[in-house]
Amino acid sequence: MEELAEKAGITVRTLRFYRERKLIPPPRREGRIAWYDDTHLARLRTISALLERGHTLSGIAELAEAFDHGRDVGELLGLGEPSEEVPVRLSPEELADVFAGQATPENLAAALDLGYLGTDGGEIVHVSRRLLDVSAALVREGIPLADVLRAASRVRAHTEALAELFTTLVLTQDRGAEDLQRLRPLAKSVVEAELSMALDRRLREKERGGGTAPGSAPA
């Protein structure tokens, strides 16, 4: 226990408290000896990362209980709500492979903040196959996962505002939730077209700004 606490950067008293709250699984016992392994150390580092990001011990305990006892976390992820997104189940090893070793406790905490990840038994559940694929593709292009997740947080704020705008536009006295569901492809088309044109503008700006070779005078 002393060794584990030292490696995790916490006190033995804190470690005992986490054990009492069932935030970490019990050790493997051989007689009177309790063995802790890298799984326990990874859990403690994840707890520290989550606490630093403002999560409460109660919330962390709920996730830990789901992970250790296989409780369905669909409600935590909002998977029971109507959605076009398909969730993905991965083992911790598969998640590490997808992100080329960048699935650190800090990045895991950021993904939990966004609602991208949850746990179900021994598996990790990602809320969206499309978001997982895009995130992995950006990481393969050399963009750090931490930067991808920070950008995702900003995208979330903008898309929430867009969803509110479209909902206000559609929902009137004569239209309800069924109409909102029926017309959602129109909202997606508008956003996709506007984003495409905005990217075109950025590309033109970059081309104009970078069109002159170093050391040469403009024509």
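The structure contained in this document is the topic of the report that follows. Computed from a predicted model, the values in this text were never measured in an experiment.

The helix and strand inventory of the protein stands at 10 helices and 5 strands. Counting every position in the protein, which comprises 219 residues, the buried fraction comes to 27%. Counting only contacts in the protein whose residues sit at least 6 apart along the sequence, the fraction spanning at least 24 positions is 62%. Total accessible area on the protein is roughly 15000 Å²; 55% of this is exposed by carbon and sulfur atoms.

Let's shift gears to the packing of helix 7 (residues 105-114) against helix 9 (residues 145-170). It is the contact of helix 7 with helix 9, at a shortest axis distance of 10 Å, that shows an interaxial angle of 15 degrees. Considering the angle they form, helix 7 stands roughly parallel to helix 9. Helix 7 and helix 9 meet at a crossing whose hand is left-handed. Taking contact as the criterion, the partners of N107, A110, A111 and L114 in helix 7 are, on helix 9, L145, A146, L149, A152, S153 and R156.

Evaluation of the coordinates by the stated rule reveals 4 salt bridges. Put simply, D147 and R150 hold a salt bridge, and the shortest N to O gap is 2.3 Å. Of this pair, D147 and R150 both sit in helix 9, separated by 3 residues, roughly a single helical turn. For D179, the salt bridge is made with R182, and the minimal N-O distance between the two is 2.9 Å. Placement of the pair is D179 and R182 together in helix 10 (residues 177-209), with a separation of 3 residues, close to one helical turn. In this structure R182 comes out as exposed when scored by relative accessible area, which is 55%.

With a relative accessible area of 18%, D179 lands in the buried category. Within the local environment of D179, its side chain forms a polar contact with the backbone nitrogen of G176, the two atoms lying 3.0 Å apart. Not counting the four nearest positions on each side in its chain, D179 is found in contact with V170 and D174.

Here is what the cut-offs are and how they apply
Numbers given for residues are sequential positions, taken from 1 along each chain in its written order. This being a predicted model, a pLDDT of at least 70 is required before a residue's local features are given, and a value of 80 or more before pairs of side-chain atoms are given or counted; all residues contribute to the totals for chains, interfaces and linings. With hydrogens and water stripped out, all remaining heavy atoms of the structure feed into the side-chain values. Helix and strand definitions here come from DSSP, where helices need a minimum of 4 consecutive H or I residues and strands a minimum of 2 consecutive E residues; each element is numbered from the N-terminal end. Here's how the labels work: a residue is buried when its accessible area is under 20% of the maximum for its type, exposed when over 50%, partly exposed in between, all with a 1.4 Å probe on protein chains only. Residue contacts are counted whenever heavy atoms from the two residues lie within 4.5 Å of one another. Each accessible area is a Shrake-Rupley result for a 1.4 Å probe, and residues are judged covered by the shown protein chains and nothing else. Only C-alpha atoms enter the line fits that serve as axes; for helices the fit covers just the stretch in contact. Angles between N-to-C directions range over 0 to 180 degrees. Relative orientations are named as follows: roughly parallel for angles under 35 degrees, roughly antiparallel for angles over 145 degrees, roughly perpendicular for angles from 65 to 115 degrees, and oblique for any other angle. With the far helix as reference, a near helix turned anticlockwise by less than a right angle produces a left-handed crossing, and one turned clockwise produces a right-handed crossing. Salt bridges are defined as contacts in which a side-chain nitrogen from Lys or Arg sits within 4 Å of a carboxyl oxygen from Asp or Glu. Whenever a nitrogen or oxygen atom comes within 3.5 Å of another N or O atom, the pair is scored as a polar contact, on the condition that within protein one atom can donate a hydrogen and the other can accept it, and that pairs from neighbouring residues in sequence are kept only if both atoms are in side chains.

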